[in-house]
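Inside the fold
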Amino acid sequence: MEWMSGLLSWMLSRVVWLSGLFERGAARQPRIMEEKALEVYDLIRTIRDPEKPNTLEELEVVTESCVEVQEINEEDYLVIIRFTPTVPHCSLATLIGLCLRVKLQRCLPFKHKLEIYISEGTHSTEEDINKQINDKERVAAAMENPNLREIVEQCVLEPD
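How each quantity is defined
Residues numbered from 1 in each chain as written. Predicted model: local features only at pLDDT ≥ 70, side-chain atom pairs only at ≥ 80, totals over all residues. Heavy atoms only, no water. UniProt positions renumbered as here; feature names shortened; annotations may be inferred. Helix = DSSP H or I, 4+ residues; strand = E, 2+ residues; numbered from the N terminus. Buried < 20%, exposed > 50% of the residue type's maximum accessible area, 1.4 Å probe, protein only. Lys, Arg positive; Asp, Glu negative; His and termini not counted. Salt bridge = Lys/Arg side-chain N within 4 Å of Asp/Glu carboxyl O. Axes fitted to C-alpha atoms, helices over the stretch in contact; angles between N-to-C directions. Parallel < 35°, antiparallel > 145°, perpendicular 65-115°, else oblique. Contact = heavy atoms within 4.5 Å. Pairing = 2+ DSSP bridges.

Under an unreviewed UniProt entry, the name given to the protein is Cytosolic iron-sulfur assembly component 2A, and the source organism is Rhinolophus ferrumequinum. The heading Sequence similarities (unreviewed entry) in the UniProt record of the protein holds the text "Belongs to the MIP18 family." The Subunit (unreviewed entry) field of the UniProt record for the protein holds the comment "Monomer and homodimer. Component of the CIA complex. Interacts with CIAO1. Interacts with IREB2. Interacts with APAF1."

With respect to the helices, strands and loops of the structure, Gly121 is situated in the loop between β3 (111-118) and α3 (126-133). A relative accessible area of 65% means that Gly121 is categorised as exposed. Here the alpha-carbon distance between Gly121 and Pro88, two residues 33 residues apart in the chain, equals 8.3 Å.

For the rest of this paragraph, the subject is the side chain of Arg101. Here Arg101 lies in helix α2 (residues 93-107). For the buried Arg101, which has no salt bridge, the nearest side chain bearing the opposite charge is Glu115, at an N-O separation of 8.2 Å.

Following both chains from N to C, one finds α2 and helix α4 (residues 136-144) inclined at 95°, their axes separated by 11 Å at the closest point. On the basis of their axis angle, the class for α2 and α4 is roughly perpendicular. In this structure, α2 uses Leu98, Arg101 and Val102 to contact α4, whose residues at the interface are Val139, Ala142 and Met143.

Before going further, it helps to spend a moment on the sheet that holds strand β1 (residues 67-71). Spatial ordering of the open sheet is given by β1-β2-β3, a layout of 3 strands whose pairing is mixed. The sheet is open, and its two edges are formed by β1 and β3, each paired on a single side. Across the sheet, the axes of successive neighbouring strands diverge by a mean angle of 20°, strand direction being ignored. Of the strands in this sheet, β2 (76-83) and β3 touch α2, which is tilted by about 165° from β3. With respect to the sheet, α3 is in contact with β2 and β3, its orientation differing from that of β3 by roughly 160°.

The structure is reproduced here in C-alpha cells:
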C-alpha cells in the first residue's frame, strides 16, 4: 500500500511539474506572436504608395495594430493584414493590397498563410477588393501584366 501511495505521489508531482512547463509555454506564445507581427509590420511599413511619394506607414494606411499573427501549427502561421485606404473611394486600394501580398510572399522568413483585407467600413467596395487580393489566380494574372508588375516593383523596392 505504501508503494502505491509513493507511486501516486510521484505521478502527481510529475503532472504538476509538466503543467508548469505548459503554462510557461502558453505564456510565451503571445509574445512570440507579437514579435512575428512586428516582423511583418517592419516589412510592410516601407512599401511606397503608388500615387504619392510617401510610405504606407507615413500615410497611416498600415499601422502596427493592423497586423495580426496566429499560430496554425508549430511551423505555420496565419498572417492577417487589415489596411486602411486614405479615402473611401481610393482607386488604388487593390494595387496596395497586391503590393502588400507581393512583399510579404517574398520576404517573410517563416511559413505562412496570408490574408489581406481592407479595414471594415473604410472603402466603398471593400468586399470586392478583399476577394480580388485574396484570390491566387487573380493575383497571378495581375503580376503577369508588365505595367502593373513594374508599379508593384517600384512600390515594394526597399529605400536606400
